[in-house]
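What follows is each chain in one-letter form.
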Amino acid sequence: MMYSSRRKPVLYFTKEDNRSGLLLRMLPRRCSIFKLFCTFIVFGFFSVMWLQYNCRVTSTQSSNDDGSVHKSCQEETDDPTWGPHKIAIVVPFRERFEELLNFVPHMHVFLKKKKIRHKILVINQVDHYRFNRASLINVGFLESGNDTDYLAMHDVDLLPQNEELDYGYPGKGPFHVASPELHPLYHYKSYVGGILLLTKQHFELCNGMSNRFWGWGREDDEFYRRITAAGLQLYRPTGIQTGYKTFKHFHDPAWRRRDQKRVSGQKQEQFKVDKEGGLKNLKYSVGSRTELTIAGVHCTIINILLDCDLNETPWCIIN
């Protein structure tokens, strides 16, 4: 490359110049710096326009694809031909994402085979108080929307394995799916935990569950008394031949230690009936609501901050 002797600087490219690229070979042999600059400006302008057009088309296609997937998921879980009733699967939750990754797709496939309209609500406690399963179920009831008419109080670590289990509308009374005869761990007669189905009218008749149970355990036993006090008949599965193998329970006590501590006056309070507490005195706020898809299955994560009255239940925290 050399400059000519003329005033106007001109670039010359020789055939022997191995450093010139494809673009330079396409230019005229004699080319001014100004012309070269203009060429790059025009080339850059059209490149930017092409990128904008391409990104816009891609974004539109992506939006349409996402809408199609969401619509498809809705159709799979809410087919009107499956019947008039729809269940809200209410999952009280905190920091158990490994279990959730198994739970959501398993329950969707299970309920879809039985043609049960459903939606899955994961009620995630994000405050700094001790875990309160009963209050989270109360929240799930209130946040479940008008499109559902019954709910399942469902543990995230308990998966039904027998397709003969009934998840249908429990119009006659509460239906305890995980009955003592089938649950792999708990076998006493008054046990109503694990998986319990109720119509919304029956749950409201019981005033929901007590909000006084912070930490693990005993809230189900208190709710059994509420069912009895409300005059409701409790039903359980019959004719199931799989026994304690009816459910898969994948809680690892070494990895997920339960908060079984009893502090302050909690030990005495846990056996009392809470006649006033429940839906009527529940206090909480919604931190956020997120629509999540796990293995192609839609669920709703609702982050919840519970409120605790330290004068009433000082055991909601551990000093």
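Note that the coordinates shown come from a computational prediction; the quantities given were computed from them, not determined experimentally.

A. Molecular detail of the nonpolar core. Counting 32 residues, the largest nonpolar core has Phe103, Ile120 and Tyr167 as the members making the most contacts within it. If one sorts the elements of this core by residue count, helix H3 (residues 97–113) sits on top with six residues. Setting aside residues no more than four positions away along its own chain, Ile120 makes contact with Ile89, Val91, Phe103, Val104, Met107, Cys299 and Thr300. Core analysis: the second largest hydrophobic core is formed by 30 residues, Ile123, Cys206, Met209 and Phe223 among them.

B. How the structure looks around the state of the cysteines. According to the stated counting rule, one finds one disulfide in the structure shown. Each sulfur in the disulfide pair Cys308 and Cys316 lies 2.0 Å from the other. Torsion about the S-S bond of the Cys308 and Cys316 cystine: about -90 degrees, corresponding to left-handed handedness. No difference in accessibility class separates Cys308 from Cys316, as the two residues are buried.

C. Spatial organisation of the environment of Lys245. Inspection of the secondary structure puts Lys245 in the loop between helix H6 (219–229) and strand S9 (247–249). In the structure, Lys245 is positioned 61 residues away from Pro184 in sequence and 7.0 Å away in space, judged by C-alpha atoms.

D. Geometry of the pairing of strand S5 (residues 150–154). Among the five residues of S5, five are classified as buried, and the element is accordingly described as predominantly covered. Alternating positions in S5 separate into two faces, Tyr150, Ala152 and His154 on one and Leu151 and Met153 on the other, with burial throughout. Examined bridge by bridge, strand S3 (residues 86–93) and S5 share four bridges and lie parallel to one another. Note on S5: the bridge partner recorded for Ile87 is Tyr150. Two strands pair when backbone bridges link them, and S5 and strand S8 (residues 195–199) are joined in this way by five bridges, in the antiparallel orientation. Among the inter-strand pairings, Met153 is bridged to a residue of S8, identified as Leu196.

Calculation criteria
- Residues numbered from 1 in each chain as written.
- Predicted model: local features only at pLDDT ≥ 70, side-chain atom pairs only at ≥ 80, totals over all residues.
- Heavy atoms only, no water.
- Core = buried A, V, L, I, M, F, W, Y, C linked by side-chain atoms within 4.5 Å.
- Buried < 20%, exposed > 50% of the residue type's maximum accessible area, 1.4 Å probe, protein only.
- Helix = DSSP H or I, 4+ residues; strand = E, 2+ residues; numbered from the N terminus.
- Contact = heavy atoms within 4.5 Å.
- Disulfide = S-S within 2.5 Å.
- Pairing = 2+ DSSP bridges.

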